[in-house]
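# Close look at the chain arrangement
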Amino acid sequence: MDVGTQVSLADITAARERIKGYIHHTPVMRCSYLDSIVGLQLHFKCENFQKTGSFKMRGATNAVKRLCETCGDGVAGKPAVVTHSSGNHAQALALAAHLCGVEAHIVMPDNCSAVKVQAVKDYGGLVTLCQSTEQARKDTAQQILSRLGPHAILVSSAEHDDVIAGQGTVAMEFLEQVPDLDAMVCSVSIGGLAAGICIAAKALKPSIRLIGSEPKNADDCARSLAAGRIIPNASPPVTIADSLRHVSIERLP
């Protein structure tokens, strides 16, 4: 099954060096009570302690840094990044762009949490609200790209190889911190983290078992893998995981 990416372990290794100094090296924690419930040794890679509160800062920073590396003095217009996101990727891209001196235009659904919208603005992002459908988000982002011109780059949270490479650094760190891991369980939303972890973990430890997890009411990844093709959610899922209410998986990990 073609996942549509050319990301390699070398790309993830380069991403790790590129984003060093911009992200936190997050801790791994244990919980004896949970171990006793499942009868296993569980290790939690705490990306909730990452800058902006999620792993998204890794991929966003790698993408923006790569953009700055490839944009020479001869490029017309100031570089800019554009994305559509309901929160975590929006905040990460806004901060990464701010730290690198790049303009960030963020499209967010109009029913998104006001706290998340304000956070994106506080990080320096220029927010445009749109209807809360996936197509509206994509259309609005495309309109902004057209207005800004060729110096603007769309940085998707999954359909961007530099983002995937950045997310893969989670697995590199994790396996250094806990080399004897038998399996990794990775949450799946739009697919960027899962893709990066699959590439890095399997390259570093081919025997490791990789498991994707998602809510039953937002199981588009499981359905897509079973069918061998992308099957998006027909309507916004009813789930407490609010960031999954607006998106479907875009690539198969």
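The following paragraphs examine the structure supplied in this document. Here, residues in each chain are numbered from 1, in the same order as that chain's written sequence. Note on the predicted model: pLDDT of at least 70 is required for a residue's local features to be given, and 80 or more for side-chain atom pairs to be given and counted; whole-chain, interface and lining totals, by contrast, use all residues. Excluding hydrogens and water, the side-chain values take into account all heavy atoms of the structure.

### Examining the overall build of the chain
Scanning the chain from terminus to terminus reveals nine helices and eight strands. The globule rule is 2.2 Å times the number of residues to the power 0.38, and the radius of gyration it is compared with is taken over C-alpha atoms. Taken over C-alpha atoms, the radius of gyration comes to 18 Å for the chain, in line with the 18 Å a tight globule of 253 residues would show. By principal-axis analysis of the C-alpha atoms, the chain measures approximately 55 × 40 × 35 Å. A buried classification covers 47% of the 253 residues belonging to the chain. Note on conventions: DSSP H or I runs of at least 4 residues are helices, E runs of at least 2 residues are strands, and numbering of each starts at the N terminus. Note on classification: 1.4 Å probe, protein chains only; a residue is buried when its accessible area is under 20% of the maximum for its type, exposed when over 50%, partly exposed between these limits.

### Digging into helix 3 (residues 56-70)
Taking 1.5 Å as the rise per residue, helix 3 with 15 residues should run 21 Å; its terminal C-alpha atoms sit 22 Å apart, in good agreement. Those residues of helix 3 that fall on the buried side of the exposure criterion are Lys56, Met57, Arg58, Gly59, Ala60, Thr61, Asn62, Ala63, Val64 and Leu67. Along its buried surface, helix 3 packs onto helix 1 (9-19), strand 2 (44-45), strand 3 (80-84), helix 4 (88-100), strand 6 (152-154) and helix 7 (161-177). One less than the number of residues in a helix, times 1.5 Å, gives the span that helix is expected to have. Contacts are residue-level and defined by heavy atoms, with any inter-residue pair within 4.5 Å sufficient.

### Some words on unusual backbone geometry
Excluding glycine, residues mostly have negative phi values, and the peptide bonds linking residues are mostly trans. Its identity is not glycine, yet Thr52 carries a phi of approximately 65°, on the positive side. On the basis of relative accessible area, Thr52 is assigned to the buried category, the value being 13%.

### A few points about the pattern of salt bridges
When a carboxyl oxygen of Asp or Glu is within 4 Å of a side-chain nitrogen of Lys or Arg, the pair counts as a salt bridge. Within this structure, the stated rule accounts for 10 salt bridges. Residue Glu173 is joined to Arg58 by a salt bridge in which the shortest nitrogen-to-oxygen separation is 3.0 Å. Of this pair, Glu173 sits in helix 7 while Arg58 sits in helix 3, and the two are 115 residues apart along the sequence. Each of Lys45, Glu47, Arg58 and Glu173 takes part in a single network of salt bridges with overlapping partners.

### Focus on a nonpolar patch on the surface
On the surface, a cluster of nonpolar side chains totalling about 790 Å² of accessible area is made up of Met29, Tyr33, Leu34, Ile37, Val38, Leu40, Phe44 and Phe49. With four residues, the single largest contributor to the nonpolar patch is helix 2 (residues 32-38). Examined against the element boundaries, Leu34 turns out to sit in helix 2. For Leu34, a relative accessible area of 33% gives the class partly exposed. Two joining distances apply to patches: 9 Å for like charges and 5 Å for nonpolar side chains (Val, Leu, Ile, Met, Phe, Trp, Tyr), and every residue must have over 30% relative accessible area and no salt bridge. Each accessible area is a Shrake-Rupley result for a 1.4 Å probe, and residues are judged covered by the shown protein chains and nothing else.

### Quick notes on the nonpolar core
Buried Ala, Val, Leu, Ile, Met, Phe, Trp, Tyr and Cys residues form a nonpolar core when they are joined through side-chain atoms within 4.5 Å. Ranked by internal contacts, the top residues of the largest apolar core, which has 25 residues, are Val64, Val81, Leu93, Ile106 and Met108. Secondary structure elements with two or more residues in this core: helix 3, helix 4, strand 4 (103-109) and helix 5 (114-122). Per-element accounting of this core gives the leading share, eight residues, to helix 4. Setting aside residues no more than four positions away along its own chain, Leu93 makes contact with Ala60, Val64, Val81, Val82, Thr83, Ala104, Ile106 and Val155.

### A word on the side chain of Thr83
Position of Thr83 among the secondary structure elements: in strand 3. On the accessibility criterion, Thr83 (0% relative accessible area) is buried. For the purposes of these results, a polar contact is taken to be a pair of N or O atoms within 3.5 Å, where, inside protein, one atom must be able to donate a hydrogen and its partner to accept one; residues adjacent in sequence count only when each atom of the pair is a side-chain atom. One polar contact links the side chain of Thr83 to the main-chain carbonyl oxygen of Val155, over a distance of 2.7 Å. Sequence-distant contacts of Thr83, that is, excluding residues within four places in its chain, are made with His89, Leu93, His105, Ile106, Val107, Leu154, Val155 and Ser156.

### Let's talk about the sheet that holds strand 6
Strand order in the open sheet formed by four strands is 5-4-3-6, and the pairing between neighbours is parallel. Strand pairing shows two members of the sheet lacking a second neighbour, strand 5 (126-130) and strand 6, which therefore form its edges. Across the sheet, the axes of successive neighbouring strands diverge by a mean angle of 20°, strand direction being ignored. Pairs of strands are assigned from DSSP output, requiring at least two bridges between the strands. Bridge count for strand 3 against strand 6 is three bridges, and the pairing is parallel. Across the sheet, the residue bridging to Val81 is Ile153, located in strand 6. Axes, fitted as lines to C-alpha atoms, cover a helix only where it is in contact. Angles between the N-to-C directions of the axes lie from 0 to 180 degrees.

### What about the environment of Ser85?
Among the secondary structure elements, Ser85 is positioned in the loop between strand 3 and helix 4. Along the backbone, Ser85 and Ile106 are 21 residues apart, and their C-alpha atoms lie at a distance of 7.2 Å. In this structure the side chain of Ser85 is engaged in a polar contact, spanning 3.1 Å, whose partner is the backbone nitrogen of Gly87. One polar contact links the side chain of Ser85 to the main-chain amide nitrogen of Ala90, over a distance of 3.0 Å.

### Overview of the pairing of strand 8 (residues 209-213)
Note: strand 7 (residues 183-187) against strand 8, five bridges, orientation parallel. Across the sheet, Ser187 pairs through a bridge with Ser213, a residue of strand 8. Consider the strands pointing away from the viewer: the crossover is right-handed when the path from the first strand over the helix to the second runs clockwise. For the handedness criterion, the β-α-β arrangement of strand 7, helix 8 (residues 192-204) and strand 8 is classed as right-handed.

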